[in-house]
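Secondary and tertiary structure notes
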Amino acid sequence: MSKIKITVLMLVAIIIFLSALFIGPRIINPFRMGDMEKEILFSIRFPRVVVAILVGMALGASGAILQGVLRNPLADPYILGISSGASLSAAFALLSGIYSFGRFTIPLTAFLGASAVSVLVGVFGWRRGGLWPERLLLAGVGLSFLFHSVLMLLMSISTDEGLRRAVLWIFGDLSMADWSLIPYGLVFIVSGLIISVSRSKALNALILGDEFAHSLGFSIHKERFMLFISMALMTGASVSLGGTIGFIGLLIPHIMRFVAGADSRVLIPLSAIGGGAFLCLADLIGKSIMTPMEIPSGIITAIIGSPYFLYLLRRKDVLSI
Amino acid sequence: MKRIANRRGYSIFAYHILSLLLSLVTCHLSLVTSIYAETPARIISLAPSMTEILFALGLEERIVAVTSFCDYPEEAKKKPKIGGMSNPSLEAVVSLKPDIVLMTTDGNPKEFEERLRSLRIKTYVFKQRRLSELPQGIREVGSVLGVKDKADLLANEIETTINKLKTQNSKLKTQKKKVLFIVWPEPLIVAGPGTAIDDAMNLLGYENIASKAKTTYPKYSIEEVIHQSPDVIFIGKGHVNMKEVSNSILKRIAKVPAVKNGAVFYVSDNLYRLGPRVIKGIEEMAECLK
């Protein structure tokens, strides 16, 4: 059963990927492309679609991991404050106008911010030789509030036009995607995915409780640490590639659980595929419905995703992580 | 006798009432006229464009405070600040006891004006948003602030420039060249319809490719820029070195005629505010387009 569902999902993902390439503000006919069409396709659309898929995959998978590790259905990759740390450092760079690394400046500062916060959350969540879910969660919420308020402070006292840029960046912006950043994002996100999939069995055990996992022979602290690292790598890379994009990390894992069950070995890859395809679709809609204007994809993801989620919620009897 | 006295009493009473009413009316009338007749000595400006107009009208001495966004001319920075455009401090404004507070519909919250009025602080709201409406707006400000002559002078100067360009370019009936004005390159934000920049392009006989967007400063699709292939690109001044920041976007649209033919111009921020500097801004653009 789930094999059929997975095949259908893959097919849908491929269709979305192709339509994101050839539909768009203007339709490109793949068999009759002029110079202009070729340029738009290869240097503008293709990298953007790839970035959307990467970011969506990272968020979907991190959401699935985090909900399991924290044993909390409300967890998403942003709950640990990683995104607010990234937003703060990126906004700082945008407002102060430091551009020492050219076009890499904002992604780099965002990634540094995300990594710094991951380390901080790890430090606060660490006790007696390991990471503890409740501590992680509370440390994340606390840090989130702190960074968020500092960000608001920066924005309310800033007087120049850097402000609107910062807001647009925080809402999630894929329009500046180009090939130069993709290799770096790819390395982080793929290694995060590999780590998490290889630890998915342990995640299944951890969801059922530490004692249970221990009795099955898993080293709970080591497994949790590895899962945390994989999540931090993916979330940090995704925020630096595309800003903060809501909904995907929280609700795609739930939707996939409704569709294919709660086994992490299936759930993590499915959440990745679902997240990638979904962000790709949302970005396609965002850049096409009000041409020549663009609507940030983070807004579209929530507008079209939430009703579907609520519909599934109505239909399901049992809820699980 | 008594009745007569009584009647006289009535008439005296009526006369008193009448005169009281009359005096009330005249008093009210004088109040109404005083709003515009008495020149306000303490002015607060809640918008950078208003500050620039005030300086251009030679009212520097009478400005008691401006917003933290008011950075032109240089002297404006030295004036006391009452907060930002969208979030000015009510206490700061009230404590400065202004005779009048100047606001715009473009950036100041409407509720703030209502609060000020409920506190019996006089306000003047500048409603003009288009280039063609600017001279009229300046004249109105001038008559409210009692500097009608100077305002007329400034307004006429702007009007003459606009009219001169209008007649010059109405003769050009050839294919209009396409222009794009980039306000910020990453993410791409451009000047859309309803801005002084859009008006200036039309005046100069050029077509703003972003004029079909739905907001004044839209986030614009890069694909569309390539499709519409502008002949000229302007990049406005920002808080950082725009040449550095715009490098990557220009590379991405390298095949567009404007970039290919080297028709990319870095210009000042003169046209960002609907104030006295617009003429300079238009002339600067015209100079580039020659």
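Given the structure is predicted, the values throughout are model-derived calculations rather than measurements.

**Section: the pairing of strand β5 (residues 177–184) of chain B**
Residues and elements named next belong to chain B. Burial of β5 is extensive: six of the eight residues sit out of reach of the surface. Sheet topology places β5 next to strand β7 (residues 206–208); three bridges connect them, and they run parallel. Following the sheet pairing, Lys177 is matched in β7 by Tyr206. Sheet topology note: the β5/strand β6 (residues 189–190) ladder contains two bridges and is antiparallel. Of the residues in β6, the one forming a bridge with Trp184 is Ile189.

**Digging into the nonpolar core**
As a rule of thumb, soluble globular proteins bury nonpolar side chains together. Of all hydrophobic cores here, the largest spans 90 residues; its most connected members are Leu57(B), Ile138(B), Leu145(B), Phe181(B), Phe234(B) and Met285(B). Among the domains, domain 1 (43–157) and domain 2 (175–289) of chain B are the pair contributing at least three residues each to this core. Counting residues in each nonpolar core, the second largest holds 76 residues, with Leu66(A), Ala75(A), Leu154(A) and Leu279(A) among its members.

**Side note on the sheet that holds strand β2 (residues 63–65) of chain B**
All names here are of chain B. Strand order across the open sheet formed by four strands is β2-β1-β3-β4, with parallel pairing between neighbours. The sheet terminates laterally at β2 and β4 (123–126), the two strands that pair on one side only. Neighbour-to-neighbour, the strand axes of this sheet turn through a mean angle of 30°, independent of strand direction. Relative to strand β3 (residues 100–104), strand β1 (residues 43–45) runs parallel, the two sharing three bridges.

**A word on a nonpolar patch on the surface**
A cluster of nonpolar side chains, namely Phe101(A), Phe104(A), Leu108(A), Leu112(A) and Tyr184(A), defines an oily patch on the protein surface of about 510 Å² accessible area. When you line up the elements, Leu108(A) lands in helix α4 (residues 105–125).

**Structural notes on the packing of aromatic side chains**
Across all of its chains, the model carries eleven aromatic pairs over all chains by this definition. Note on Phe181(B) and Tyr272(B): the rings are 6.0 Å apart at their centroids and 70° apart in plane angle, and the pair reads as edge-to-face. Of this pair, Phe181(B) sits in strand β5 while Tyr272(B) sits in the loop between β9 (264–266) and α11 (278–289), and the two are 91 residues apart along the sequence. A network of ring pairs unites the aromatic residues Phe181(B), Phe234(B), Phe265(B) and Tyr272(B) as a single cluster. One Lys or Arg, Arg224(A), reaches over the ring of Trp132(A) and ends 5.7 Å from the middle of that ring.

**Here's the deal with the domain arrangement of chain B**
Think of interface size as the accessible area that goes away when the parts come together; that is how it is often given. Residue and element names in this part refer to chain B. We note that the domain assignment places domain 1 (43–157) and domain 2 (175–289) within chain B. Computed over C-alpha atoms, the centres of domain 1 and domain 2 are 28 Å apart. Each side of the interface is counted separately: domain 1 has 15 residues, and domain 2 has 15 residues. Considering only the side of domain 1, the residues that lose the most area to domain 2 are Glu52, Arg130 and Leu131, jointly responsible for 44% of the buried surface there. Our count for the domain 1 to domain 2 interface comes out at four salt bridges. Where Glu52 meets Arg277, a salt bridge forms, and the shortest distance between an N and an O atom there is 2.6 Å. If you look at where domain 1 meets domain 2, you find seven residue pairs in polar contact (both at pLDDT 80 or more). Elements that contribute at least two residues to the side of domain 1 that touches domain 2 include exactly α2 (48–56) and α6 (148–170). Looking at the side of domain 1 that touches domain 2, the element that brings in the most residues is α2, giving five residues. Taken together, the residues of the side of domain 1 that touches domain 2 break down into eight nonpolar, two polar and five charged.

**Some words on the environment of Ile162(B)**
All names here are of chain B. By the element assignment, Ile162 lies in helix α6. Judged by its relative accessible area of 7%, Ile162 falls in the buried class. Each C-alpha atom of the pair Ile162 and Pro98 lies 34 Å from the other, and the pair is 64 residues apart in sequence. Apart from the residues within four sequence positions on either side, Ile162 is in contact with Leu131 and Leu203.

Definitions and limits used
- Residues numbered from 1 in each chain as written.
- Chains lettered and ligands numbered in written order.
- Predicted model: local features only at pLDDT ≥ 70, side-chain atom pairs only at ≥ 80, totals over all residues.
- Heavy atoms only, no water.
- Buried < 20%, exposed > 50% of the residue type's maximum accessible area, 1.4 Å probe, protein only.
- Helix = DSSP H or I, 4+ residues; strand = E, 2+ residues; numbered from the N terminus.
- Pairing = 2+ DSSP bridges.
- Core = buried A, V, L, I, M, F, W, Y, C linked by side-chain atoms within 4.5 Å.
- Domains from an automatic or database assignment.
- Axes fitted to C-alpha atoms, helices over the stretch in contact; angles between N-to-C directions.
- Patch = residues over 30% accessible without salt bridge, like charges linked within 9 Å, V, L, I, M, F, W, Y side chains within 5 Å.
- Areas by Shrake-Rupley, 256 points an atom, 1.4 Å probe, with all protein chains shown as cover.
- Salt bridge = Lys/Arg side-chain N within 4 Å of Asp/Glu carboxyl O.
- Phe/Tyr/Trp six-rings, centres within 6.5 Å; stacked < 30°, edge-to-face > 60°.
- Lys NZ or Arg CZ within 6 Å of the ring centre and 35° of its normal.
- Contact = heavy atoms within 4.5 Å.
- Buried area = accessible area lost by both parts, 1.4 Å probe.
- Polar contact = N/O pair within 3.5 Å; in protein donor to acceptor, adjacent residues only side chain to side chain.
- Nonpolar A, V, L, I, M, F, W, Y, C, P; charged D, E, K, R; others polar.

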